[in-house]
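The primary structure of each chain is shown beneath.
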Amino acid sequence: MDNQSPETIVGGKSFTAVAINCAAKAGEWVKSRSGNFTQLDQKFSQHDLVTEVDKGAERLIRNLIATHFPHHSFLGEEGVEPGPEASARALESAADAEYLWIVDPIDGTTNYVHGFPFYCVSIALAHHGQVIVGVIYDPVRDELFLAERGKGAYVHGRKMKVSEDGELSRSLIATGLPADHLQALPANLKGIQSLAPKVRNLRVAGSAALHLAYVAAGRLSGFWEVGLNAWDIAAGSLLVEESGGTITDMNGEPYHLGVRNVAASNGRIHGEFIGALKTV
Ligand code: IPD
Ligand code: CA
Ligand code: CA
């Protein structure tokens, strides 16, 4: 566990308590500003948006974490230059950190901007590159999804379990439409073309992190997307694992923080799922 001297930790709170507190505070604030943001900017492209609420929520989370754990490292979406290369560089330079907080202050900004009520705050803590705490908070439904490595995953205190679907044809699967229209979007569209006829149905609701939380909760049997970043996936990866599911890259290799092309499922359908995605 944390080997900092006790006097450097204000309040002596556990990692998980701080993660929950940050997600709940930021989520409430984000929701309170819904429909009232004043600055809408484009990042990588016109499909990649940011508001002052994204930036403010990340500042709030960063400051709270620094108050409790001043020596921990921090990787937040809004502190990184837009674009896949800059994201990869930022992750690389943080990868050696003993403790690394990985934060997406609003996952689903496009939904947030349009008033479509499907977005969340995503916070993970990694220890030497392995995610040990994951919290995803949906302030619209007041649902807090939480996992601690080795201790299970919970939504509002109820233990989560992935779905029992054993075949793709009975599965509800989600994906995303990435902002990178040069590479990630065409690759994902091919996946949609291949999977749509094989599954019960597909959903594209606009928040990768919340989709992963729904896989963990058994509401979806799978999720995949090409071109994501560590802050979209890290917290959700632990939720899925601790709920009994499987998360890999799209070749079936184990998930790690550098994975950008991700496939998560209830485990039972995983082979069939990534097999179908590979045929594109
Ligand atoms: C986006 C969402 C979306 C996914 C994009 C992500 P953001 O994150 O997770 O569902 O399709 O690839 O970038 O920009 O809202 O934090
Ligand atoms: Ca995101
Ligand atoms: Ca975001």
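Residues numbered from 1 in each chain as written. Chains lettered and ligands numbered in written order. Predicted model: local features only at pLDDT ≥ 70, side-chain atom pairs only at ≥ 80, totals over all residues. Heavy atoms only, no water.

## Quick notes on the domain arrangement of the protein chain
Part 1 of the reasoning: Looking at the protein chain, the domain boundaries give domain 1 (6-159) and domain 2 (168-278).
Part 2 of the reasoning: Here the C-alpha centroids of domain 1 and domain 2 sit 20 Å apart.
Part 3 of the reasoning: Taken together, the contact pairs 44 residues of domain 1 with 30 residues of domain 2.
Part 4 of the reasoning: Both sides of the domain 1 and domain 2 interface together cover about 2800 Å² of buried area, and 68% of this is carbon and sulfur.
Part 5 of the reasoning: Here domain 1 is connected to domain 2 by 2 salt bridges.
Part 6 of the reasoning: Glutamate 143 is the partner of arginine 219 in a salt bridge, and the nearest nitrogen-oxygen pair spans 2.7 Å.
Part 7 of the reasoning: At the boundary of domain 1 and domain 2, one finds 9 residue pairs in polar contact (both at pLDDT 80 or more). (Domains from an automatic or database assignment. Contact = heavy atoms within 4.5 Å. Buried area = accessible area lost by both parts, 1.4 Å probe. Salt bridge = Lys/Arg side-chain N within 4 Å of Asp/Glu carboxyl O. Polar contact = N/O pair within 3.5 Å; in protein donor to acceptor, adjacent residues only side chain to side chain.)

## Describing the site of ligand 1
Part 1 of the reasoning: Surrounding ligand 1, one finds 15 residues, the nearest of these being Asp107, Gly108, Thr109, Gly206 and Glu225.
Part 2 of the reasoning: A distance of 3.2 Å separates an oxygen atom of ligand 1 from a polar atom in the side chain of aspartate 104.
Part 3 of the reasoning: Between ligand 1 and glycine 206 there is a distance of 3.1 Å, counted from an oxygen atom to a backbone nitrogen or oxygen.
Part 4 of the reasoning: Here ligand 1 loses 86% of its free accessible area of 380 Å² to cover by the protein chains. (Near = heavy atom within 4 Å. Areas by Shrake-Rupley, 256 points an atom, 1.4 Å probe, with all protein chains shown as cover.)

## Looking at the packing of aromatic side chains
Part 1 of the reasoning: Scanning the model with the defined rule gives 8 aromatic pairs in all.
Part 2 of the reasoning: An aromatic cluster is built from Phe15, Phe69, Tyr99 and Trp101, whose rings are joined through pairwise contacts.
Part 3 of the reasoning: Note that arginine 219 overlies the ring of tyrosine 214, its terminal NZ or CZ placed 4.7 Å from the centroid. (Phe/Tyr/Trp six-rings, centres within 6.5 Å; stacked < 30°, edge-to-face > 60°. Lys NZ or Arg CZ within 6 Å of the ring centre and 35° of its normal.)

## Let's talk about the packing of helix H6 (residues 208-216) against helix H7 (residues 230-242)
Part 1 of the reasoning: Direction vectors running N to C along H6 and H7 enclose 0°, while the axes themselves pass 8 Å from each other. Of the possible angle classes, the one that applies to H6 and H7 is roughly parallel. Along its contact with H6, which presents Ala208, Ala209, Leu212, Ala213, Val215 and Ala216, the element H7 presents Asp232, Ile233, Gly236, Ser237, Leu239 and Val240.
Part 2 of the reasoning: A class-by-class count of the residues in the contact of H6 with H7 yields 9 nonpolar, 2 polar and 1 charged. (Axes fitted to C-alpha atoms, helices over the stretch in contact; angles between N-to-C directions. Helix = DSSP H or I, 4+ residues; strand = E, 2+ residues; numbered from the N terminus. Parallel < 35°, antiparallel > 145°, perpendicular 65-115°, else oblique. Nonpolar A, V, L, I, M, F, W, Y, C, P; charged D, E, K, R; others polar.)

## What about the pattern of salt bridges?
Part 1 of the reasoning: What the rule picks out here adds up to 8 salt bridges.
Part 2 of the reasoning: When the shortest N-O distance is used, the salt bridge between lysine 151 and glutamate 148 registers 3.5 Å.
Part 3 of the reasoning: Residue lysine 151 is classed as exposed on the basis of its relative accessible area, which comes to 56%.
Part 4 of the reasoning: The residue arginine 149 makes a salt bridge to glutamate 241 at a minimum N-O spacing of 3.7 Å. One end of the pair, arginine 149, is in the loop between strand S7 (143-148) and strand S8 (153-155); the other, glutamate 241, is in helix H7, and 92 residues separate them in sequence. (Buried < 20%, exposed > 50% of the residue type's maximum accessible area, 1.4 Å probe, protein only.)

## Notes on the pairing of strand S3 (residues 73-76)
Part 1 of the reasoning: Bridge analysis of S3 against strand S4 (residues 99-107) gives 4 bridges, and the strand direction is parallel. Residue pairing in the sheet places serine 73 in a bridge with leucine 100 of S4.
Part 2 of the reasoning: Viewed along the sheet, the connection from S3 through helix H3 (residues 84-94) into S4 turns out right-handed. (Pairing = 2+ DSSP bridges. Right-handed = clockwise from strand over helix to strand, strands pointing away.)

## So, the sheet that holds S7
Part 1 of the reasoning: One open sheet accounts for 7 strands, arranged S3-S4-S5-S6-S7-S8-S9; its pairing is mixed. Every other strand in the sheet has two partners, leaving S3 and strand S9 (158-159) as the edge strands with one partner each.
Part 2 of the reasoning: Sheet topology places S8 next to S9; 2 bridges connect them, and they run antiparallel. Residue pairing across strands places valine 155 opposite arginine 158, the latter belonging to S9.
Part 3 of the reasoning: Along the sheet, H7 makes contact with S3, S4, strand S5 (120-127), strand S6 (130-138), S7 and S8, crossing S6 at roughly 100°.

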